[in-house]
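Architecture at a glance
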Amino acid sequence: MEWPSVLLAVLLLGISGTLGVIAELAARRYDDGRLYLVGGAFFLLALVGGLAVLGAVSPLYGGPFQVEPLPLLLLVAATGLLYVSMVRGRARSSS
């Protein structure tokens, strides 16, 4: 795995894990089931990032977990879109 792939995998793992924890804490605070789903999606993306990092640093387990840079870039973009969906407020209704 090349260094851009490793960088994207670490970025995906860090951002997804952090946003997953934030989403789960917000779901508990506001008692909103949608935030639990968003948090679960972030944790799944963090799992993919963690396995990609494992594939990059471990020569013994590296083969099955290698991920190419383009899918990692798409997953980082998906993480950004999930973040936008989490923080975007509802449209105010005009009365």
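Placed above this text is the structure.
Summarised in this report is the structure supplied together with it.

The rules we used
Residues numbered from 1 in each chain as written. Predicted model: local features only at pLDDT ≥ 70, side-chain atom pairs only at ≥ 80, totals over all residues. Heavy atoms only, no water. Salt bridge = Lys/Arg side-chain N within 4 Å of Asp/Glu carboxyl O. Helix = DSSP H or I, 4+ residues; strand = E, 2+ residues; numbered from the N terminus. Expected span 1.5 Å × (residues − 1). Buried < 20%, exposed > 50% of the residue type's maximum accessible area, 1.4 Å probe, protein only. Arc of directions from axis to C-beta. Contact = heavy atoms within 4.5 Å. Axes fitted to C-alpha atoms, helices over the stretch in contact; angles between N-to-C directions. Parallel < 35°, antiparallel > 145°, perpendicular 65-115°, else oblique. Left-handed = near helix turned anticlockwise from the far one by under 90°. Nonpolar A, V, L, I, M, F, W, Y, C, P; charged D, E, K, R; others polar. Patch = residues over 30% accessible without salt bridge, like charges linked within 9 Å, V, L, I, M, F, W, Y side chains within 5 Å. Areas by Shrake-Rupley, 256 points an atom, 1.4 Å probe, with all protein chains shown as cover.

A separate point is the pattern of salt bridges. One pass over the structure, following the stated rule, counts one salt bridge. Arg34 is the salt-bridge partner of Asp32, the closest N and O atoms lying 3.2 Å from each other.

Bringing helix α3 (residues 69-87) into the picture now. Over its 19 residues, α3 runs 27 Å from end to end, which matches the ideal 27 Å to within 8%, given 1.5 Å per residue. Leu72, Thr79 and Met86 are the residues of α3 that are buried. Mapping the buried residues of α3 onto a view down its axis gives an arc of 30°, with all of them on the same face. Looking at α3, the residues exposed on the side facing more than 90 degrees away from the buried face are Leu70, Leu74 and Leu81. Each element contacted by the buried residues of α3 is listed here: α1 (3-30) and α2 (33-57).

Turning our eyes to something else, we now look at α2. Taking 1.5 Å per residue as the helical rise, α2 with its 25 residues ought to reach 36 Å, and the 36 Å between its terminal C-alpha atoms agrees with that figure. Turning to α2, its buried residues are Leu35, Val38, Gly39, Phe42, Leu45, Ala46, Gly49, Ala52, Val53 and Gly55.

Let us look at the packing of α2 against α3. Two elements in contact, α2 and α3, have axes separated by 11 Å at closest approach and are oriented at 160°. Between α2 and α3, the crossing angle belongs to the class labelled roughly antiparallel. For the crossing formed where α2 meets α3, the hand is left-handed. Between α2 and α3, the contacting residues are Leu35, Val38, Ala41, Phe42, Leu45, Val48 and Ala52 on the first element and Leu72, Leu75, Thr79, Leu82, Tyr83 and Met86 on the second.

So, about the packing of α1 against α2. As a packed pair, α1 and α2 sit with axes 7 Å apart at the nearest point and diverge in direction by 155°. Taken as axis vectors, α1 and α2 run roughly antiparallel relative to one another. For the element pair α1 and α2, the recorded crossing hand is left-handed. When the residues that make up the contact of α1 with α2 are grouped by side-chain class, the tally is 21 nonpolar, seven polar and two charged.

Here we take up a nonpolar patch on the surface. Taken together, the side chains of Leu44, Leu47, Leu51, Leu54, Leu60 and Tyr61 make up a nonpolar region of the molecular surface, amounting to roughly 610 Å² of accessible area. By the secondary structure assignment, Leu54 is in helix α2.

Structural measurements only, silent on function.
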